[in-house]
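For reference, the chains in residue letters:
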Amino acid sequence: EKGGYDHFMLKEIYEQPHSIANCMRGRIDHERKKINLGGISEYAAKLLTAKRIIIVSCGTSWHAGLVGEYLIEEYARIPVEVEYASEFRYRHPIINQDDIVIAISQSGETADTIAAIELAKRAGATILGICNVVGSSIPRLSHTGMYTHAGPEIGVASTKAFTAQVTALSLLALYLAQQQERLPLSKITSLLTALETAPALITTCFQSNALIQHIAGEIKDSTNCLFLGRGINFPVALEGALKLKEISYIHAEGYPAAEMKHGPIALIDEQMPVIVIATKDSSYDKIISNIQEVKARKGKIIAIITEGDTVIRAIADYIIEIPPCEEALTPILATIPLQLLAYHIAVMRGCNVDQPRNLAKSVTVE
Ligand code: M6R
């Protein structure tokens with residue numbers, strides 16, 4: 001049942017080229033370079049006139065929401081707010097009838113997310129569910145939505161569900177941009193082409209597995225780890241930290257790299273591994289200065305870089321390369337090495353990778 005892998009988590013990590021392809025299947029018209037989102041088209045007008053989109057979710061799905069915020073604001077220019085479902089529902093939020101509430105959930109059964117959408121629905125908002133489990137509660141409670149089609153995820157740590165959520169949000173952002181005729185067609189075409197290449201590029205990322213295992217061995221006894229990213233890769237830093245703490249029980253924090261100087265920098269010494277997403281994107285120059293700040297304090301730098309980058313290679317203690325790609329695709333690719341890193345560290349520490357202590361696959365309590 002684990003398909004020859006030692007754990008479901010590893011199997012699910014390696015399934016990502018397929019799960020992402022499944023998420024895109026039938027949604028991209030290759031010839032016309034267009035996106036078709038069957039279920040959503042009925043609500044297209046509502047989506048396009050929405051004054052804002054509120055994304056509600058928890059845990060890893062909340063991280064996917066943060067990536068979605070970047071993508072939707074960048075490509076569709078609709079304001080997006082991303083909320084922890086548990087905070088949103090208890091805070092007497094302002095919800096209008098022309099708001100779109102996107103609920104992201106792998107299981108479709110997370111109690112706080114369900115309560116948040118029930119509240120939004122009562123206030124007259126339109127609910128769009130992005131879920132993995134077909135026929136679960138959230139899709140049933142939503143007006144419209146998209147399934148992520150990642151297939152069953154058994155490991156408690158969400159892996160392939162996350163990258164499929166980001167894929168679905170990318171499709172949604174591009175769908176909105178295409179309907180609005182905002183982005184030049186050439187931009188939409190290049191973004192779609194980039195998405196289509198994602199499965200192959202993820203396969204390339206797996207080539208670093210042995211190196212990642214080696215790095216895991218070097219840092220497995222740390223008590224703390226810091227994950228840094230900027231822009232669209234800031235949520236990836238949060239996700240890397242969550243993966244590590246959840247399955248290896250090492251305390252980890254994710255931070256937007258520029259926030260480091262407002263506190264966390266005080267933690268950095270030679271004992272502290274700092275994992276930085278430092279790909280060649282619009283934040284590249286800024287992230288190099290952040291890496292230098294860590295280096296000056298003797299932190300151990302593990303950088304996820306774009307293949308061929310020699311500048312960061314010269315500064316970092318370890319580098320993990322991902323293939324060059326459109327910036328919009330970096331969150332998906334940069335997530336792969338972080339999943340593998342957390343996995344190997346947890347295995348080396350003898351942890352129960354698929355069923356970490358105190359956690360359940362779906363959190364149906366409030
Ligand atoms: O099923 P959901 O996506 O609604 O679950 C939300 C969180 O409970 C979930 O992502 C959790 O954080 C994962 N264990 C993270 O790996």
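Residues numbered from 1 in each chain as written. Predicted model: local features only at pLDDT ≥ 70, side-chain atom pairs only at ≥ 80, totals over all residues. Heavy atoms only, no water.

Trainee: Sorry if this is basic, but what is going on with the overall build of the chain here?
Mentor: The helix and strand tally for the chain stands at 15 helices and 12 strands. Here the C-alpha radius of gyration of the chain, 20 Å, is about what a compact globule of 366 residues would show, namely 21 Å. Seen along its three principal axes, the alpha-carbon backbone of the chain occupies a region of about 55 × 45 × 45 Å. Sorting the 366 residues of the chain into buried and exposed places 58% on the buried side. Sequence separation of 24 or more characterises 76% of the internal contacts of the chain that already satisfy a separation of 6 or more. Of the roughly 14600 Å² that the chain leaves accessible, carbon and sulfur atoms contribute 50%. Seen as two clouds, the 34 positive and the 40 negative side-chain charges of the chain have centres 1 Å apart. (Helix = DSSP H or I, 4+ residues; strand = E, 2+ residues; numbered from the N terminus. Rg over C-alpha atoms; globule rule 2.2 N^0.38 Å. Buried < 20%, exposed > 50% of the residue type's maximum accessible area, 1.4 Å probe, protein only. Contact = heavy atoms within 4.5 Å. Areas by Shrake-Rupley, 256 points an atom, 1.4 Å probe, with all protein chains shown as cover. Lys, Arg positive; Asp, Glu negative; His and termini not counted. Charge placed at Lys NZ, Arg CZ, Asp CG, Glu CD.)

Trainee: What's the story with the site of the ligand in this structure? I'm lost.
Mentor: Surveying the vicinity of the ligand reveals 15 residues, the closest of which are S61, S105, Q106, T110 and E246. Within the side chain of S107, a nitrogen or oxygen atom sits 2.7 Å from an oxygen atom of the ligand. V156 places a polar main-chain atom, nitrogen or oxygen, 3.1 Å from a nitrogen atom of the ligand. Burial of the ligand by the surrounding chains reaches 91%, relative to a free accessible area of 410 Å². For the shell around the ligand, the elements supplying multiple residues, two or more each, are α5 (59-76) and α12 (234-248). Looking at side-chain class alone, the shell around the ligand contains five nonpolar, eight polar and two charged residues. (Near = heavy atom within 4 Å. Polar contact = N/O pair within 3.5 Å; in protein donor to acceptor, adjacent residues only side chain to side chain. Nonpolar A, V, L, I, M, F, W, Y, C, P; charged D, E, K, R; others polar.)

Trainee: Which parts of the structure should I look at to understand unusual backbone geometry?
Mentor: In terms of backbone geometry, most residues other than glycine have negative phi values and most peptide bonds are trans. Not every positive phi belongs to a glycine, and Y249 is a case in point at roughly 60 degrees. Take Y249: it is sitting in the loop between α12 and β9 (251-256). On the basis of relative accessibility, which here comes to 27%, the residue Y249 falls in the partly exposed class.

Trainee: Just checking my understanding: could you explain the side chain of Q165 for this structure?
Mentor: Topologically, Q165 is positioned in helix α9 (residues 160-180). When its relative accessible area of 1% is taken as the criterion, Q165 is described as buried. Beyond its immediate stretch of four places on either side in the chain, Q165 contacts T60, S61, A64, I104, S105, Q106 and T148.

Trainee: I'm lost on the nonpolar core in this one. Help?
Mentor: Counting residues in hydrophobic clusters, the biggest one holds 95 residues, and the most contacted among them are I53, I72, Y75, I102, L172, L176 and F227. When residues in this core are grouped by element, the largest group, 12 residues, is from α9. Apart from residues lying up to four places away in sequence, L172 is in contact with L37, I40, I72, I102, L128 and M146. Within the second largest apolar cluster, 22 residues are counted, among which are M260, I287, I312 and I319. (Core = buried A, V, L, I, M, F, W, Y, C linked by side-chain atoms within 4.5 Å.)

Trainee: Help me understand the packing of aromatic side chains in this model?
Mentor: For any two aromatic rings, the description comes down to two numbers: the centre-to-centre distance and the angle of the planes. Tallying each qualifying case throughout the model produces three aromatic pairs. We note R357 situated over the ring of Y249; from NZ or CZ to the ring centre the distance is 3.7 Å. (Phe/Tyr/Trp six-rings, centres within 6.5 Å; stacked < 30°, edge-to-face > 60°. Lys NZ or Arg CZ within 6 Å of the ring centre and 35° of its normal.)

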